[in-house]
Amino acid sequence: MKTRGKAALVCLAAAAAVAAGVGVGSVPVSPVDIGCVLAERLFGVALPEGFSSVTQGLVLNIRLPRVALAFAAGAASAMGGTVMQSVLKNPLASPYGLGVSSGAGLGAALVIVSGLGAGALGALALPAASLALGLATVAASILLAARLDKTLSNNTIILTGMVLSLFVNALMSTLTAANPEYSQRILLWQLGSFSGRGWAAAAAVAAVAAVCLAAFVRLAPELDAMTFGEEQALALGVELRRTKWLLIVLVAALTGVSVAFAGVIGFVDLIAPHVVRRFFGARHRLVLPMAALAGGAFMTVCDLAARTLASPSEIPVGSITALIGAPFFLYVYFAHRRR
């Protein structure tokens, strides 16, 4: 199949995932009803006579913002994984290895334990603290790596990120152990959820994802060169240190915003890039947007499973992605070793 045909299939799969995410649930909504609600909201088309206001409110205020956030978070995670695997030339690399997830988790834990997460203030305090601590951890990791190794070699970045992640996780574990009454809420946040999020959260993640995608596509030639290794990239004229700094900062911001609003949801950043590269090759100008669509569709489907498999209870989205991602991680690892 030609590239255009494959891209069209990915777009159709993404659209189908969004339609299923909005339409399937304890109160099913048909695609026709979804289309009517969207047409009324976007183009001012009058709703059919007798159209249920409950259905309209369900689509616009509950299902659609949740699906939009899930899709945007999945796209952000997939793009971050694609870039980090190319920058570090490691098929198992993840944005979370920079320490952004552990820092964001500590920020969320501090807000929850302090009581700032309650009430209207918590809607802003928790994501703000998560984002700030996540970005601070990444900054500390990269500054430490630059201090230890002026060339910012891949091994140094990975090691410093891992060490700081372990240290910040130890701080969070200590904080949780000292406040056991908040342990369940902290754990649930870490496992990730899109429940109760509104349009503001979806818009924030989608806006950052769109800006980062544009930047990544512009840097696609540098990413293509870095895929072959640092020496080859230098030989091709890539300013390796500056480009690494820029890409890592963009990935940190992208992942930090996603984690701040949705919690830590792993493995999407591993699954989507590998699947997309299998069908579209290694050119980042094509791989990045396709990975964003695939990651968004995958996250949307996982969120649909999380809220329907054990209805009326809800399974954390991170548990669903881990059930699929852990075997996939082993497959990628052993396949890479055989090669």
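No experiment lies behind these values; they were computed from the predicted model shown.

J.: Help me understand the overall build of the protein chain, please; the structure alone is not making it clear to me.
T.: The secondary structure content of the protein chain amounts to 14 helices and 0 strands. Listed N to C, the secondary structure of the protein chain is α-α-α-α-α-α-α-α-α-α-α-α-α-α in terms of helices and strands. Expected size for 339 residues packed as a compact globule is a radius of gyration near 20 Å; at 20 Å, the protein chain falls within 12% of this value. In the protein chain, the proportion of contacts linking residues at least 24 apart, taken out of those at least 6 apart, comes to 77%. In the structure as shown, the protein chain presents an accessible area of about 16,100 Å², 68% of it carried by carbon and sulfur atoms. Of the charged side chains in the protein chain, 23 are positive and 13 negative; the average position of the first set lies 7 Å away from that of the second.

J.: How do you make sense of the pattern of salt bridges when you look at a structure like this?
T.: Side chains bearing opposite charge may pair, as long as their charged atoms lie close to each other. Tallied over the entire structure, the rule returns 3 salt bridges. For Arg66, the salt bridge goes to Glu314, with nearest N and O atoms at 2.8 Å. With a gap of 248 residues between them, Arg66 in helix H3 (residues 53-87) and Glu314 in the loop between helix H13 (284-308) and helix H14 (317-338) connect regions that are remote in the sequence. Judged by its relative accessible area of 34%, Glu314 falls in the partly exposed class. Where Arg242 meets Glu239, a salt bridge forms, and the shortest distance between an N and an O atom there is 3.1 Å.

J.: Just to check I follow, could you spell out the environment of Gly237 for this structure?
T.: With respect to the secondary-structure elements, Gly237 resides in the loop between helix H10 (230-235) and helix H11 (240-262). By relative accessible area, Gly237 is classed as exposed at 58%.

J.: Explain the environment of Glu239 here, please?
T.: Position of Glu239 relative to the elements: it lies in the loop between H10 and H11. Put simply, Glu239 and Glu222 are 17 residues apart on the chain and 8.7 Å apart in space, counted from C-alpha to C-alpha. Side chain to side chain, Glu239 and Arg242 meet in a polar contact 3.1 Å long.

J.: Which parts of the structure should I look at to understand a nonpolar patch on the surface?
T.: A surface patch of nonpolar side chains, about 370 Å² in accessible area, is lined by Phe329, Leu330, Tyr333 and Phe334. Note on placement: Phe334 falls in helix H14.

J.: Would you take a moment to explain the packing of aromatic side chains for this structure?
T.: Each aromatic ring pair is specified by the distance between its two centres and by the angle formed by the two planes. Counted by the stated rule, this structure contains 1 aromatic pair. Where Phe328 meets Tyr331, the ring centres are 6.1 Å apart and the plane angle is 50°; that geometry is what we call tilted. Of this pair, Phe328 and Tyr331 are both found in helix H14, 3 residues apart, which corresponds to roughly one turn of the helix. Judged by its relative accessible area of 19%, Phe328 is buried.

J.: What should I look at first to understand the side chain of Thr176 in this one?
T.: Assignment of secondary structure puts Thr176 in helix H6 (residues 154-178). Relative accessible area serves as the criterion here: at 18%, Thr176 is assigned to the buried category. A polar contact is formed between the side chain of Thr176 and the backbone oxygen of Met172, at a distance of 2.8 Å. Excluding anything up to four places from it in sequence, Thr176 contacts Ser183 and Ile186.

J.: Explain the packing of helix H12 (residues 268-280) against H13 here, please?
T.: Packed helix pairs are characterised by how far apart their axes lie and by the angle those axes make with each other. Packing of H12 against H13 leaves a shortest axis separation of 8 Å and a crossing angle of 130°. The angle between H12 and H13 places the two elements in the oblique class. As for the relative orientation of H12 and H13, their crossing is right-handed in sense. Contacts between H12 and H13 involve Val268, Ile271, Ala272, Val276, Arg277 and Phe280 on the former and, on the latter, His284, Leu286, Val287, Met290, Ala291, Ala294, Gly295, Phe298 and Met299. Residues of the contact of H12 with H13, tallied by class, amount to 12 nonpolar, 2 polar and 1 charged.

Calculation rules
Residues numbered from 1 in each chain as written. Predicted model: local features only at pLDDT ≥ 70, side-chain atom pairs only at ≥ 80, totals over all residues. Heavy atoms only, no water. Helix = DSSP H or I, 4+ residues; strand = E, 2+ residues; numbered from the N terminus. Rg over C-alpha atoms; globule rule 2.2 N^0.38 Å. Contact = heavy atoms within 4.5 Å. Areas by Shrake-Rupley, 256 points an atom, 1.4 Å probe, with all protein chains shown as cover. Lys, Arg positive; Asp, Glu negative; His and termini not counted. Charge placed at Lys NZ, Arg CZ, Asp CG, Glu CD. Salt bridge = Lys/Arg side-chain N within 4 Å of Asp/Glu carboxyl O. Buried < 20%, exposed > 50% of the residue type's maximum accessible area, 1.4 Å probe, protein only. Polar contact = N/O pair within 3.5 Å; in protein donor to acceptor, adjacent residues only side chain to side chain. Patch = residues over 30% accessible without salt bridge, like charges linked within 9 Å, V, L, I, M, F, W, Y side chains within 5 Å. Phe/Tyr/Trp six-rings, centres within 6.5 Å; stacked < 30°, edge-to-face > 60°. Axes fitted to C-alpha atoms, helices over the stretch in contact; angles between N-to-C directions. Parallel < 35°, antiparallel > 145°, perpendicular 65-115°, else oblique. Left-handed = near helix turned anticlockwise from the far one by under 90°. Nonpolar A, V, L, I, M, F, W, Y, C, P; charged D, E, K, R; others polar.

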